[in-house]
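Overview (structure and organization)
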Amino acid sequence: MPRYRYVCETCAKELEVFQKISDEPLSTCPSCGGKLRKAITSVGVVFKGSGFYSTDSKAGSKKTESTKD
Ligand SMILES: [Zn+2]
């Protein structure tokens, strides 16, 4: 059963209730009768960080020519 979180807009009271998906969402605060707002709990935030470094190693070929006289 999914868990829903509500926040009262009047008294800022937070409450969590277990409801079926087919159940109607709560709309009134049980303690003050104010308006409830559904607080969405963000689950599954995935940061796709591509720590990909392409080390382009262009090794310059150094030619040391020693000229003999
Ligand atoms: Zn309230």
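Heads up: the structure comes first, above all this text.
Residues numbered from 1 in each chain as written. Predicted model: local features only at pLDDT ≥ 70, side-chain atom pairs only at ≥ 80, totals over all residues. Heavy atoms only, no water.

1. Quick look at the coordination of the zinc ion
Around the zinc ion, the protein contributes the donor atoms C8 (SG), C11 (SG), C29 (SG) and C32 (SG), at 2.2 to 2.3 Å from the metal centre. Going along the chain, you hit the donors of the zinc ion in the pattern C-x2-C-x17-C-x2-C. In this pair, C8 is assigned in strand β1 (residues 3–8) and C32 in the loop between β2 (14–18) and β3 (36–39), connecting sequence segments 24 residues apart. C8 sits in the buried class, given a relative accessible area of 2%. By relative accessible area, C32 is classed as partly exposed at 39%. (Donors = N, O, S within 2.8 Å, 3.2 Å for Na, K, Ca; no water. Helix = DSSP H or I, 4+ residues; strand = E, 2+ residues; numbered from the N terminus. Buried < 20%, exposed > 50% of the residue type's maximum accessible area, 1.4 Å probe, protein only.)

2. A word on the environment of V7
Topologically, V7 is positioned in strand β1. With relative accessibility at 15%, the residue V7 sits in the buried group. With residues near it in sequence (within four places) discarded, V7 still touches A12, K13, E14, K35, L36, R37 and A39. (Contact = heavy atoms within 4.5 Å.)

3. A look at unusual backbone geometry
Peptide bonds are mostly trans, and most non-glycine residues show a negative phi. Of note, A12 is a non-glycine position whose phi angle comes to about 60°, a positive value. On the accessibility criterion, A12 (55% relative accessible area) is exposed.

4. Examining the pairing of β2
Burial of β2 is one-sided: the residues L15 and V17 facing one way are buried, the residues E14, E16 and F18 facing the other way are not. Alignment of β1 against β2, held across 5 bridges, turns out to be antiparallel. Counted as the bridge partner of V7 is E14 from β2. Connecting the antiparallel pair β1 and β2 is a turn made up of 5 residues, with A12 showing a positive phi of about 60°. (Pairing = 2+ DSSP bridges.)

5. Things to note about the pattern of salt bridges
According to the stated counting rule, one finds 3 salt bridges in the structure shown. Between R3 and E16 there is a salt bridge whose closest N-O contact spans 3.8 Å. Of the two residues, R3 sits in strand β1 while E16 sits in strand β2, which places them 13 residues apart along the sequence. Residue R5 pairs with E14 through a salt bridge whose shortest N-O separation is 2.5 Å. For R5, a relative accessible area of 32% puts it in the partly exposed group. With relative accessibility at 47%, the residue E14 sits in the partly exposed group. (Salt bridge = Lys/Arg side-chain N within 4 Å of Asp/Glu carboxyl O.)

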